[in-house]
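Fold and geometry: a report
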Amino acid sequence: FKDYKDCSMCSHIASWRYYAESVRSTVPIFEAERCHTKILMRFFCNGDKTSMGFHANENAKNGDYYVETNDSPPYSK
């Protein structure tokens, strides 16, 4: 993909960039919120929060999580 900004797989294509940023960080980043559904994830989250990436909490509940990123580095908000 030459320009993936408009594709539905953007976060998956850029995931290696997010992970690399998390490895370079000395603290947990990429806070994510657990959601009830994959449809409109941003609006149906229940408040359970955890970090994603290198510093991910291995004890976090399984499920679908929503994480908001910046369009360019640093990606973690």
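As the structure is a computational prediction, the values presented were derived from the model and not from experiment.

Broken down by element type, the chain carries two helices and three strands. Long-range contacts, defined as pairs at least 24 residues apart, comprise 44% of the intrachain contacts of the chain with a sequence gap of at least 6.

Within helix α2 (residues 15-24) the residues assigned to the buried category are Y18, E21 and S22. The buried side chains of α2 occupy one side of the element, clustering within an arc of 100° when seen end-on. Residues W16 and R24 are exposed on α2 and point more than 90 degrees away from its buried face.

What follows deals with the packing of aromatic side chains. Scanning the model with the defined rule gives three aromatic pairs in all. Between Y19 and F54, the aromatic rings sit 6.5 Å apart at their centres with planes inclined by 70°, giving edge-to-face as the arrangement. Of the two residues, Y19 is situated in helix α2 and F54 in the loop between β2 (45-51) and β3 (64-66); the sequence distance between them amounts to 35 residues. On the accessibility criterion, Y19 (43% relative accessible area) is partly exposed. Each residue in the set Y18, F30 and Y75 is aromatic and connected to the rest through ring pairs, giving one cluster.

We now examine the side chain of S51. Along the chain, S51 falls in strand β2. Of the residues examined, S51 reaches a relative accessible area of 17% and is grouped as buried. Every residue in contact with S51, bar those within four places of it in the chain, is listed here: P28, I29, F30, E31, A56 and N57.

Now for the sheet that holds strand β1 (residues 31-35). If you walk across this open sheet you meet the three strands as β2-β1-β3, and the pairing is antiparallel. Where the open sheet ends on each side, the last strands, each with one partner, are β2 and β3. The sheet shows a mean angle of 40° between the axes of neighbouring strands, direction not considered. In terms of strand pairing, β1 meets β3 through three bridges, oriented antiparallel. Looking at β3, one finds that R34 is bridged to Y65.

Where the model shows low pLDDT, its predicted coordinates should not be examined in detail. Model confidence for the chain is summarised by a mean pLDDT of 81, while 78% of its residues fall at 70 or above. Mean pLDDT values over the elements of the chain span from 70, in helix α1 (residues 10-13), up to 92, in α2.

Next up on the list: unusual backbone geometry. Leave glycine aside and you will find that most residues have negative phi; peptide bonds, for their part, are mostly trans. Going from P73 to P74, the amide bond is cis rather than trans, its omega being -10°. Residue position: P74 is located in the segment after β3.

Analysis parameters
- Residues numbered from 1 in each chain as written.
- Predicted model: local features only at pLDDT ≥ 70, side-chain atom pairs only at ≥ 80, totals over all residues.
- Heavy atoms only, no water.
- Helix = DSSP H or I, 4+ residues; strand = E, 2+ residues; numbered from the N terminus.
- Contact = heavy atoms within 4.5 Å.
- Buried < 20%, exposed > 50% of the residue type's maximum accessible area, 1.4 Å probe, protein only.
- Arc of directions from axis to C-beta.
- Phe/Tyr/Trp six-rings, centres within 6.5 Å; stacked < 30°, edge-to-face > 60°.
- Pairing = 2+ DSSP bridges.
- Axes fitted to C-alpha atoms, helices over the stretch in contact; angles between N-to-C directions.
- pLDDT = per-residue confidence, 0-100.

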